[in-house]
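This is what each chain is made of:
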Amino acid sequence: MANSCSHPPVFFHIVEPLDPKNPDHQFYNLSKLGDPRYDRLPFSIRVLLESAVRNCDEFLVKSSDVESILNWKQTQTQTVEVPFRPARVILQDFTGVPAVVDFAAMRDAVMKLGGDPEKINPVCPADLVIDHSIQVDFNRKRISQHTGSLLFRSDSLQKNQDLEFDRNRERFQFLKWGSKAFRNMRIIPPGSGIVHQVNLEYLARVVFKHDGFFYPDSLVGTDSHTTMIDGLGVLGWGVGGIEAEAVMLGQPISMVLPEVVGYKLYGTPDKLITSTDIVLTVTKHLRQVGVVGKFVEFFGPGVAQLSIADRATIANMCPEYGATAAFFPVDEVSIQYLEQTGREAEKLAYITKYLKSVSMFRDYNEVSQDPDFTQVVELDLSNVVPCCSGPKRPQDRIPVSEMKKDFETCLGAKVGFKGFQVAPERHSTVVPFEFNGNNYQLSHGSVVIAAITSCTNTSNPSVMLGAGLLAKKAIECGLNVKPYIKTSLSPGSGVVTYYLKESGVMDYLSQLGFEVVGYGCMTCIGNSGPLPEPVVEAITQGDLVAAGILSGNRNFEGRVHPNTRANYLASPPLVIAYAIAGTVRIDFETEPIAINSEGKEIFLRDIWPTREEIQAVERTFVIPSMFKEVYEKIEKVNERWNSLVAPSDKLYTWDTNSTYIKSPPFFEGLTRELLPPKSIINAYVLLNFGDSVTTDHISPAGNIARNSPAARYLTSRGLTPRDFNSYGSRRGNDAVMARGTFANIRLFNKFLNKQAPQTVHLPTGETLDVFDAAERYRQSGLPLLVLAGKEYGSGSSRDWAAKGPFLLGIKAVLAESYERIHRSNLVGMGVIPLEYLPGDTADSLGLSGRERYTIVIPEKLTPRMKLDTGKTFQVLMRFDTDVELAYFHHGGILNYMIRKMSEN
């Protein structure tokens, strides 16, 4: 996609061959701009500049945009809008299925308006990795009824994959149709790995060589952790699924030129520290600094000590500290990683030569290369200590030495991010139960889920091998994990399994119950599967705050499992440590992790591997041939996918009997002519929230509760609960997803003053499920609003967190602040994001949510203008650019694209 427009490029005079001996492959030599400002730009901004220069046609991208980017130092703190055309788009199946559903419906809509439906086709290359569908239905262990000893099932992986395919056949068949019907769309089949790890190890180009041009690899993705690729020096970030669809159709991203925070790393980490400890420390630090909507760019001598896997771990959790991107420019370590992961020597040569030619190749020890930054903050790596995060948010870091004390404080604290409000007399509650013929007991803080999962850590050989070495030492010391704890290992790619086996540690992991159960997000996304019934009954009986411990990146309430109210993020070795201990109420420094069968106290320090031990194993066993062998067959290795038959028609034939794939109602009644936007008159408040309402609260991805509106709908279609699957897997069906909007059991609505997926229907005072209340308002023709506090829509990139409210009749959200991607998704659906003016909050204005609101929409709109509310205060309309206003006038970005594609 060197220049996908018919207009001639403006900057063609700076084009030259990368190799004079091969004039067919050229590049835009930015040094020929002759502008001294270029060498002072942050490396991440240089990527934006190159894209603008290469695509400048004075139509979609203008010379003034190039000047704005070059002038970044002066314009960064202003609201300067620039277009960006990423080189590619990446999707996972939870967000990819609704994208393909939208494309199929858009083809129908374009045809109805008299256009060519095949114009709805990706022009920007897109990769879709199927990784979010597999669940931990089967895991490691059962107890022999004869001997009472632990037995291990070796078929968990196969059983989970078979069940994944059985549940999701319709979805997979639909995706296979999409891969045939749309050009430039590649599908990576189920069972291949986690999207971001596959991206890192296989899909990333670092430098594109396409249509006779070299240019930097860059991307946007429909998953918020797309930023993981920033660790390899590929600029990428998460966007709303709706925005990604527009990019795939050739529309540039309209973005405000960001501030760039320079994050300087120096010092040497302690030999017992993991990359997980570093990223949790960085996450808390940058949350305190405040980097929402900004780029973070890492520099300093400490970066040179970090492997690409370590950098990718830090970049992965970028959404948790709120930044748009977390960029590590390419250096020699990056090239070594590409070699280690099996990239060809020819590619390594032109990647290095190109990046050096355009001053995008970094030496972290060379101070003269340090660019200008908006702000510089620092971290001394020698100060990092082992830590976890929780019990409800990724940014709430806790040193491992303080975990016991912190949990016990949270137990009695007022309900909130760090509180469960358990009465003091109940802190010592113990509930006995029987499991597989043996007696056990649970208490507050008991670990019931321990999962080595997620792209954040399973992509990192150092922490995975660290977990394996810890497991080896634990087994040798005679330790085990209680059989009722649901343990699992879900690697991000087959390479992980390969080196765990070759290094000899897989057997020890399996003996502790951490055997491979699938290749996908699994527990991290909420696909943790059911807990044993006796465990659930014990938790319920004692109203216990049970714990989940996972090597993931998200631990919001209700996400991991409905029965684990406390969830902690930790490194893979610590996941195993807490599984062995069986509780988070332990001080590893002073208390033994367990007492073995010989009565000997074993401490965590006795079995913890050092960085040197781990690196020695990694050097020996993580080798290029493994990556080549796994990825050479990645698109063909799944036999069930290969044999799946799908239609090849250009227009999709919708099956009215399907409960997975349904033509959405978004484009019903769409006309060529624009209708003026209407004011919102006398709206009721559907829900009244406080701070940090996440996209998991708005549109959960996990299990469908049996007493929910979605369950009632599926039951009416003839399904039994075992066939409900998850909300994430049902995102191709708007009828399920509308009913699943605000269906999280941990939703806290001020109207109720308790956690429940319900609200008060204000005209009657009845307490109803949210969907049922919205239906009452819709039948009466009444518009709706949502009131919220800070950080509304934080968490995962989830377009259904905007589509669902749209279908419920919510016309606007009024919040103190928004998470970046969610605001973009609201804009994309034509839902107005309103923001209180500085100093105003619902409390300061005395709002109860029982008022009715009139939002006056004037005929002439400007970005970020103030609107009246029919009350004594004004609000800020968070359409931040002229392009976003254009989308709003069209009723959303997809309507805009349909009208554009219907033009002759």
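Residues numbered from 1 in each chain as written. Predicted model: local features only at pLDDT ≥ 70, side-chain atom pairs only at ≥ 80, totals over all residues. Heavy atoms only, no water.

**Focus: the domain arrangement of the protein**
Assigned domains of the protein: these are domain 1 (12-74), domain 2 (88-141 + 154-383), domain 3 (387-622) and domain 4 (680-902). Summarising the inter-unit geometry, the C-alpha centres of domain 1 and domain 3 are found 49 Å apart. (Domains from an automatic or database assignment.)

**Some thoughts on the packing of aromatic side chains**
Enumeration according to the criterion identifies 31 aromatic pairs in this entry. Pairing Phe208 with Tyr215 gives two aromatic rings, centres 5.3 Å apart and planes at 5°, and the pair type is stacked. Here the aromatic rings of Phe879 and Phe888 are separated by 4.8 Å at their centres, their planes lie at 35°, and the arrangement is tilted. When sorted by exposure, Phe879 lands in the same class as Phe888, which is buried. In textbook terms, an aromatic cluster arises when at least three aromatic residues are bridged by ring pairs, as seen for Phe103, Phe174, Trp177, Phe182, Tyr652 and Trp654. (Phe/Tyr/Trp six-rings, centres within 6.5 Å; stacked < 30°, edge-to-face > 60°. Buried < 20%, exposed > 50% of the residue type's maximum accessible area, 1.4 Å probe, protein only.)

**With respect to the side chain of Ser389**
Positionally, Ser389 belongs in strand β18 (residues 387-389). A distance of 2.9 Å separates a polar side-chain atom of Ser389 from the backbone oxygen of Pro394. (Helix = DSSP H or I, 4+ residues; strand = E, 2+ residues; numbered from the N terminus. Polar contact = N/O pair within 3.5 Å; in protein donor to acceptor, adjacent residues only side chain to side chain.)

**Re the side chain of Arg730**
Positionally, Arg730 belongs in the loop between α26 (709-716) and α27 (734-740). As a buried residue without a salt bridge, Arg730 has its nearest oppositely charged side chain in Glu170, at a separation of 6.1 Å. Only 3.0 Å separates the side chain of Arg730 from the backbone oxygen of Phe724, close enough to count as a polar contact. Apart from the residues lying within four places of it in its own chain, the contact partners of Arg730 are Thr659, Tyr660, Ile704, Leu714, Leu719, Asp723, Phe724, Asn725, Val736 and Met737. (Lys, Arg positive; Asp, Glu negative; His and termini not counted. Salt bridge = Lys/Arg side-chain N within 4 Å of Asp/Glu carboxyl O. Contact = heavy atoms within 4.5 Å.)

**Overview of the sheet that holds strand β17 (residues 375-380)**
One open sheet holds the four strands; their spatial order is β16-β15-β14-β17, and the pairing between them is parallel. Whereas interior strands pair on both sides, the edge strands pair on one side only; in this sheet they are β16 (325-327) and β17. Neighbouring strand axes in the sheet, compared pairwise and without regard to direction, differ in orientation by 25° on average. Pairing of strand β14 (residues 260-266) with β17, which is carried by six bridges, proceeds in the parallel orientation. Following the sheet pairing, Leu265 is matched in β17 by Leu379. (Pairing = 2+ DSSP bridges. Axes fitted to C-alpha atoms, helices over the stretch in contact; angles between N-to-C directions.)

**Describing unusual backbone geometry**
Here the residue pair Gly390 and Pro391 is connected by a cis peptide bond, since its omega of 10° sits within 30 degrees of zero. Its location among the elements puts Pro391 in the loop between β18 and β19 (397-399). A positive phi is found at Asp211, a non-glycine position, where the angle reads about 50°. Take Asp211: it is sitting in the loop between β9 (207-210) and β10 (213-216). Accessibility expressed as a relative area gives 58% for Asp211, which makes it exposed.

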